[in-house]
Amino acid sequence: MKILIIGVSGFIGKNIYRELSANHSVYGVSRSSLKEKNCFKLDLLNIEAAKSFFFNRNFDIIIYLSSIMASRENITNKKLLLDNLDMHFNLIECLKSQKQAYLINFSSSAVYPNIDGIFSESSLVNPSKNPDCLYGLSKINSEILFAFYLRDINLLNLRLGYVYGLEMNPSRIHKVFEKELHENNTISVWGNGIRTIPQLSISFLIRFLKKVLNNPIYGTFNLSEENISLKQIAEKIIKEKGNSKSKILYVDRGNKNKFKMDSSKIFKILK
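### What to know about the environment of Ser-122
And then number 1: Checked against the element boundaries, Ser-122 lands in the loop between strand S6 (117–119) and helix H4 (133–149).
And then number 2: The exposure class of Ser-122 is exposed, given its relative accessible area of 70%.
And then number 3: Sequence-wise, Ser-122 and Phe-221 are 99 residues apart; in three dimensions their C-alpha atoms are separated by 9.8 Å.
And then number 4: A distance of 3.0 Å separates the side chain of Ser-122 from the side chain of Ser-120, its partner in a polar contact.

### Section: the side chain of Lys-139
And then number 1: Along the chain, Lys-139 falls in helix H4.
And then number 2: Among the polar contacts made by the side chain of Lys-139, one reaches the main-chain carbonyl oxygen of Phe-106 at a distance of 2.9 Å.
And then number 3: Contact partners of Lys-139, with chain neighbours within four places excluded, come to Ser-67, Phe-106, Ser-107, Ser-108 and Val-111.

### As for the nonpolar core
And then number 1: In terms of nonpolar packing, the biggest core is built from 48 residues, with Ile-12, Ile-16, Ile-63, Ile-104 and Phe-106 touching the most fellow members.
And then number 2: Top contributing element to this core by residue count: helix H6 (residues 202–214), with eight residues.
And then number 3: When neighbours within four sequence positions are excluded, Ile-104 is seen to be in contact with Ile-61, Ile-62, Ile-63, Tyr-64, Leu-156, Leu-158, Leu-209, Val-212 and Leu-213.
And then number 4: Ranked by size, the runner-up nonpolar core spans 31 residues in total, among them Tyr-27, Ala-50, Leu-91 and Ile-92.

### Things to note about the sheet that holds strand S12 (residues 226–229)
And then number 1: Strand order across the open sheet formed by three strands is S8-S10-S12, with mixed pairing between neighbours. What marks the edges here is a single partner per strand, and that holds for strand S8 (162–164) and S12. The mean inter-strand angle of the sheet, taken between neighbouring strand axes irrespective of direction, is 50 degrees.
And then number 2: Of the pairings in the sheet, the one linking S8 to strand S10 (residues 196–201) comprises three bridges and is parallel in character. By the bridge assignment, Val-163 is partnered in S10 with Leu-200.
And then number 3: Running at roughly 60 degrees to S10, H6 makes contact with S8 and S10 of the sheet.

### A look at a nonpolar patch on the surface
And then number 1: On the surface, Phe-89, Phe-148 and Tyr-149 cluster together into a nonpolar patch covering about 300 Å² of accessible area.
And then number 2: As for its position among the elements, Phe-148 is in helix H4.

### Here we look at the sheet that holds strand S5 (residues 102–108)
And then number 1: The sheet built from seven strands is open, its strands ordered S3-S2-S1-S4-S5-S7-S11 with parallel pairing. Where the open sheet ends on each side, the last strands, each with one partner, are strand S3 (39–41) and strand S11 (219–223). Direction aside, the axes of adjacent strands within the sheet are offset by 20 degrees on average.
And then number 2: Note: strand S1 (residues 2–6) against strand S2 (residues 25–30), five bridges, orientation parallel. Its bridge partner lying in S2, Ile-3 is registered against Val-26.
And then number 3: Taken strand by strand, helix H3 (residues 78–95) contacts S1, strand S4 (61–64) and S5, and its axis lies near 175 degrees from that of S4.
And then number 4: Contacts from H4 reach S4, S5, strand S7 (154–160) and S11, with the element oriented near 155 degrees to S5.

Basis of the calculations
Residues numbered from 1 in each chain as written. Predicted model: local features only at pLDDT ≥ 70, side-chain atom pairs only at ≥ 80, totals over all residues. Heavy atoms only, no water. Helix = DSSP H or I, 4+ residues; strand = E, 2+ residues; numbered from the N terminus. Buried < 20%, exposed > 50% of the residue type's maximum accessible area, 1.4 Å probe, protein only. Polar contact = N/O pair within 3.5 Å; in protein donor to acceptor, adjacent residues only side chain to side chain. Contact = heavy atoms within 4.5 Å. Core = buried A, V, L, I, M, F, W, Y, C linked by side-chain atoms within 4.5 Å. Pairing = 2+ DSSP bridges. Axes fitted to C-alpha atoms, helices over the stretch in contact; angles between N-to-C directions. Patch = residues over 30% accessible without salt bridge, like charges linked within 9 Å, V, L, I, M, F, W, Y side chains within 5 Å. Areas by Shrake-Rupley, 256 points an atom, 1.4 Å probe, with all protein chains shown as cover. Salt bridge = Lys/Arg side-chain N within 4 Å of Asp/Glu carboxyl O.

Given below as structure tokens:
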């Protein structure tokens, strides 16, 4: 199969590229330069450059990961939403010629409110009650826009939980915990450790992708491996990397929401 990964330079993209390249013809594009085979620098905000790249290239699978991520600097800046929308529309324009393609769109759990509860695909999406509101809004818009404009393309929207692994960004929870453990032999857990998130390892995600490449499914699905508290994450990290003197320090401030995703729908289909 001929596969294109849009956003190949990121943590998830790099891992997918390496794993799938063993058995498929894999291409990648990213705003950042990469030296990997068949990987190209492409800013999807540049519609002319995007059209030029897709011209006379036909892909069987297109994995859409590219996104302007939320950070402390831009989390409330409307440009975050508008740039992501522009990328969606530019990709739509480019994919009008890829009528036989299978588009796997990586959406996010941020489409749901970050509050106590268990959320399934039938739950009301409401990113206004999520700190990543503009990012979550851009993701739900991607699901809707692709389904509306690309009706000749087979579409899978995956609302991912929190993806973790060895090469993840150092600002992410697991890496922050590991860094403090290495430096102080402690892990400070805010919200008294009761905050709960849906998460999946990068290896779990790749195993899942390999399954759907061989047996495609279509529609919109939650995808997480487990719902886990920050206390449990800290305990796992101490078990793997700590010692008998390692301690968890509970901080009675911060997010205490028990946000969980129900991924049973997709597992029933794959089973």
